[in-house]
Amino acid sequence: MPTQALTTPLAEDPPRRKPRRPAAPRLQTLDGLPPGPSRFNRSLHWLAFHGLPPLLGLALFMLGWQLLSLHNASLPGPATTWAAAAELFADPFYDNGPNDQGIGWNILHSLARVGIGFGLAALVGIPAGFIIGRFAFIGRMAAPIISLLRPVSPLAWLPIGLLVFKAAGPASIWVIFISSIWPMVLNTAAGVAQIPQDYLNVARVLKLPESKVFTRILFPAVLPHMITGIRLAIGVAWLVIVAAEMLTGGVGLGFWVWDEWNNLNVAHILIAIFVVGIVGLLLEQALVLLARRFEY
């Protein structure tokens, strides 16, 4: 009887499924909202989220200022102050003698004093911060001195400056120097102290000289902390210069404010307040941009 080969039917391959395409990511605007059907809606959302709150805050500030000026007749309102500012800045660099100069010269003189005092503080404070943070023994030596001198009011140093330098200009620079040096010293030292010890151990094993340790390890790691200290120091320096110039005299914003008070010109005093705030804001924003450049 002929034998028949037993054959098992082959199982059919399962149907292949088409791979799913990944879903496209949902786009979002800067304020977290999905994009609208038109560019107009997106612009409207951006304006409501970013532009409206500052404008509303300024409007409330101007309203409060106007109400206060109506309650007190000796305080100029926003319109009066704006008119005085337009007249004042029409010729900001006139020069009628040492006690009668335009507001532009006063701003430049104040900035020059801040620049000199701040620059000297950076030249001393940043290397001192590296040394204090790098060597624990020196850090323990400097700790009581910094803790004792840092809380002292900047203007308390003004008589010492007048006694030593015998002149108002160098005394003002001295006050800027002594008040702005502490943020740079402390932030730089804190940045050096936060460097992982493994990095320094590797440098010690490789027998790197101290110059290489500074350029390859310390400086890149401490740079963000150092920029933060510089930002804090420039804010302190710009705050102190106005008070110092009020006491020392000469050409500068502080002396100009005091001279306008003696002339009972309150509108110019208000203008000086806004000028000090705007210049300080510009200095702060410039350093913020510098800090973002070194974020890594």
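Residues numbered from 1 in each chain as written. Predicted model: local features only at pLDDT ≥ 70, side-chain atom pairs only at ≥ 80, totals over all residues. Heavy atoms only, no water.

Peer 1: So what's going on with the overall build of the protein chain? Residues and values would help.
Peer 2: A count of helices and strands for the protein chain gives ten helices and zero strands. For the protein chain, the succession of helices and strands along the chain, N to C, is α-α-α-α-α-α-α-α-α-α. Counted over contacts in the protein chain with a minimum sequence separation of 6, partners at least 24 positions apart contribute 65%. As presented, the protein chain carries roughly 19900 Å² of accessible surface, and 69% of it is formed by carbon and sulfur atoms. (Helix = DSSP H or I, 4+ residues; strand = E, 2+ residues; numbered from the N terminus. Contact = heavy atoms within 4.5 Å. Areas by Shrake-Rupley, 256 points an atom, 1.4 Å probe, with all protein chains shown as cover.)

Peer 1: Which residues make up the layout of surface pockets, and what values do they have?
Peer 2: One way to see where empty space is left: roll a probe the size of a water molecule over the atoms. Roughly 260 Å³ of internal volume is contained in the largest pocket. What lines the largest pocket is M62, W65, P78, T81, W82, A85, F89, I271, F274, V275 and I278. Grouping the constituent residues of the lining of the largest pocket by class yields ten nonpolar, one polar and no charged. Space inside the second largest pocket adds up to approximately 180 Å³. What lines the second largest pocket is simply V124, A128, I132, M141, A142, I145, I146, I181, W182 and V185. The set of elements that each furnish at least two residues to the lining of the second largest pocket consists of helix 3 (103-134), helix 4 (136-149) and helix 6 (168-193). Top contributing element to the lining of the second largest pocket by residue count: helix 4, with four residues. The class makeup of the residues in the lining of the second largest pocket is ten nonpolar, no polar and no charged. (1 Å grid on protein atoms, 1.4 Å probe; cavity = no way out; pocket = protein on both sides within 12 Å on 5 of 7 lines; lining within 4 Å. Points joined across faces, edges and corners; volume = space filled by probe spheres on them. Nonpolar A, V, L, I, M, F, W, Y, C, P; charged D, E, K, R; others polar.)

Peer 1: Give me the nonpolar core: which residues, what numbers.
Peer 2: By size, the foremost hydrophobic cluster in this structure holds 57 residues, and its most contacted members are I103, M184 and I230. Sorting the residues of this core by element identifies helix 2 (78-88), helix 3, helix 4, helix 6, helix 7 (197-205), helix 8 (210-248), helix 9 (253-262) and helix 10 (266-293) as the ones contributing at least two each. Broken down by element, the residue count for this core peaks at 15 residues, all from helix 8. Those residues in contact with M184, other than ones at most four positions away along the chain, are F118, A121, A122, G125, I126, G229, I230 and A233. (Core = buried A, V, L, I, M, F, W, Y, C linked by side-chain atoms within 4.5 Å. Buried < 20%, exposed > 50% of the residue type's maximum accessible area, 1.4 Å probe, protein only.)

Peer 1: Pulling in residues and values, what's your account of the side chain of S172?
Peer 2: One can find S172 in helix 6. Owing to a relative accessible area of 1%, S172 belongs among the buried residues under this scheme. Every residue in contact with S172, bar those within four places of it in the chain, is listed here: R113, I241, A244 and T248.

Peer 1: Break down the environment of I138 for me, citing the residues and quoting the values.
Peer 2: With respect to the helices and strands, I138 occurs in helix 4. Counting along the chain gives ten residues from I138 to A128, while the straight-line C-alpha distance between them is 9.9 Å.

Peer 1: Outline a nonpolar patch on the surface, listing residues and values.
Peer 2: On the surface, a nonpolar cluster with roughly 630 Å² of combined accessible area is contributed by L155, M246, L247, W258, W261 and L264. Exposure remark for M246: the relative accessible area of 32% places this residue in the partly exposed category. (Patch = residues over 30% accessible without salt bridge, like charges linked within 9 Å, V, L, I, M, F, W, Y side chains within 5 Å. Salt bridge = Lys/Arg side-chain N within 4 Å of Asp/Glu carboxyl O.)

Peer 1: If you had to explain the confidence of the model for the protein chain to someone new, which residues and values would you point to?
Peer 2: Overall, the prediction assigns the protein chain a mean pLDDT of 82, with 85% of residues at 70 or greater. In the model, residues 1-8 has pLDDT below 50 throughout and makes zero contacts with residues more than four positions away in sequence or in other chains. (pLDDT = per-residue confidence, 0-100.)

Peer 1: Pulling in residues and values, what's your account of the packing of aromatic side chains?
Peer 2: What the rule picks out here adds up to seven aromatic pairs. Seen in terms of ring centroids, F61 and F274 are 6.5 Å apart; in terms of plane orientation they differ by 80°. Their pairing is edge-to-face. Linking F61 in helix 1 (residues 39-71) with F274 in helix 10, this pair joins segments that are 213 residues apart in sequence. Take F61: its relative accessible area is 46%, and that puts it in the partly exposed class. Arranged with centres 6.0 Å apart and planes meeting at 80°, the rings of W157 and W174 form a pair that is edge-to-face. One end of the pair, W157, is in the loop between helix 4 and helix 5 (158-165); the other, W174, is in helix 6, and 17 residues separate them in sequence. (Phe/Tyr/Trp six-rings, centres within 6.5 Å; stacked < 30°, edge-to-face > 60°.)

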